[in-house]
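One letter stands for each residue in the lines below.
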Amino acid sequence: HDIDFVYHDLLIVDDNLSIVDTLYSRPLKYPYHRDLLKNGNAINCSSVVCKSSIFTNVGLFDTHNDCIAAEDFDMWIRIAKHGYKFKKISGDLGFYRLHQFNISNYIKTYKYTNYIFNKYKKDIMAISFIRPMWMYKNIFKYFIKRSLRH
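Residues numbered from 1 in each chain as written. Predicted model: local features only at pLDDT ≥ 70, side-chain atom pairs only at ≥ 80, totals over all residues. Heavy atoms only, no water.

Student: Which parts of the structure should I look at to understand the pairing of strand E2 (residues 19–23)?
Tutor: Two faces belong to every sheet, and in a regular strand the side chains alternate between them. Where strand E1 (residues 5–13) and E2 come together, 4 bridges link them in antiparallel fashion. Counterpart to Leu-10 in the pairing with E2 is Leu-23. Between E1 and E2, which follow one another and run antiparallel, lie 5 residues, and Leu-17 among them has a positive phi close to 65°. (Pairing = 2+ DSSP bridges. Helix = DSSP H or I, 4+ residues; strand = E, 2+ residues; numbered from the N terminus.)

Right, dumping it as structure tokens:
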């Protein structure tokens, strides 16, 4: 079993470090990059352990402004496109702290959704002639939250 990239579920904790929920990952189906593009990010960044040589081959995280909060997702797609083998391992083996300063918000989500779509448009269109459902959900949330603020 030559596995290059492993990940797992995380326990969500609050400011008092009390466990409030679980952040589940899902096992990816091969080809992994198609699964990620079709179904969205399945991997929590802080749950990942991978070979350091991967970054030599695929490059470092994308730091484009519109990729903020999705740098990890973009990296997983690139790693998968290079043919590395992914494996979800069982168990809650880490923590994700939920607080008011978490990086994701509806504006960043809207921006990175469009950025990922444009960056991988050719790959996405090879899977389907429309945007994947997870992208529509992100865009819909943006317009709903934006309209509620005005």
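Moving on from the model shown.
Student: Honestly, the confidence of the model for the protein chain in this entry has me stumped. Any pointers?
Tutor: The predicted coordinates ought not to be read in detail in places where the model reports low pLDDT. The predicted model of the protein chain averages 90 in pLDDT, with 95% of residues at 70 or higher. Between the elements of the protein chain, mean pLDDT differs from a low of 85, seen in helix H6 (residues 133–149), to a high of 97, seen in helix H3 (residues 71–81). (pLDDT = per-residue confidence, 0-100.)

Student: Just checking my understanding: could you explain the pattern of salt bridges for this structure?
Tutor: Oppositely charged side chains are able to pair whenever their charged atoms sit close together. Counted according to the given criterion, the structure contains 8 salt bridges. Two residues, Asp-4 and Lys-51, come together in a salt bridge whose shortest N-O distance is 3.2 Å. Remark: Lys-51 occurs in the loop between strand E3 (49–50) and helix H2 (53–58) and Asp-4 occurs in the segment before E1; sequence separation between them is 47 residues. Note on Asp-4: relative accessible area 12%, which makes it buried. (Salt bridge = Lys/Arg side-chain N within 4 Å of Asp/Glu carboxyl O. Buried < 20%, exposed > 50% of the residue type's maximum accessible area, 1.4 Å probe, protein only.)

Student: What am I meant to see in the packing of helix H1 (residues 32–39) against H3 here?
Tutor: For any two helices packed against each other, one specifies the inter-axial angle together with the distance between the axes. Contact pair H1 / H3: the axes reach a minimum separation of 7 Å and the direction vectors enclose 150°. In terms of axis orientation, H1 runs roughly antiparallel to H3. When H1 is examined against H3, the residues Tyr-32, His-33, Leu-36 and Leu-37 are found in contact with a partner set consisting of Phe-73, Trp-76, Ile-77, Ala-80 and Lys-81. In terms of residue class, the contact of H1 with H3 is built from 7 nonpolar, 1 polar and 1 charged. (Axes fitted to C-alpha atoms, helices over the stretch in contact; angles between N-to-C directions. Parallel < 35°, antiparallel > 145°, perpendicular 65-115°, else oblique. Contact = heavy atoms within 4.5 Å. Nonpolar A, V, L, I, M, F, W, Y, C, P; charged D, E, K, R; others polar.)

Student: What exactly am I supposed to notice about the environment of Met-133 here?
Tutor: Here Met-133 lies in helix H6. The exposure class assigned to Met-133 is exposed, which follows from its relative accessible area of 54%. Between the C-alpha atom of Met-133 and that of Ile-12, which follows or precedes it by 121 residues, the distance is 25 Å.

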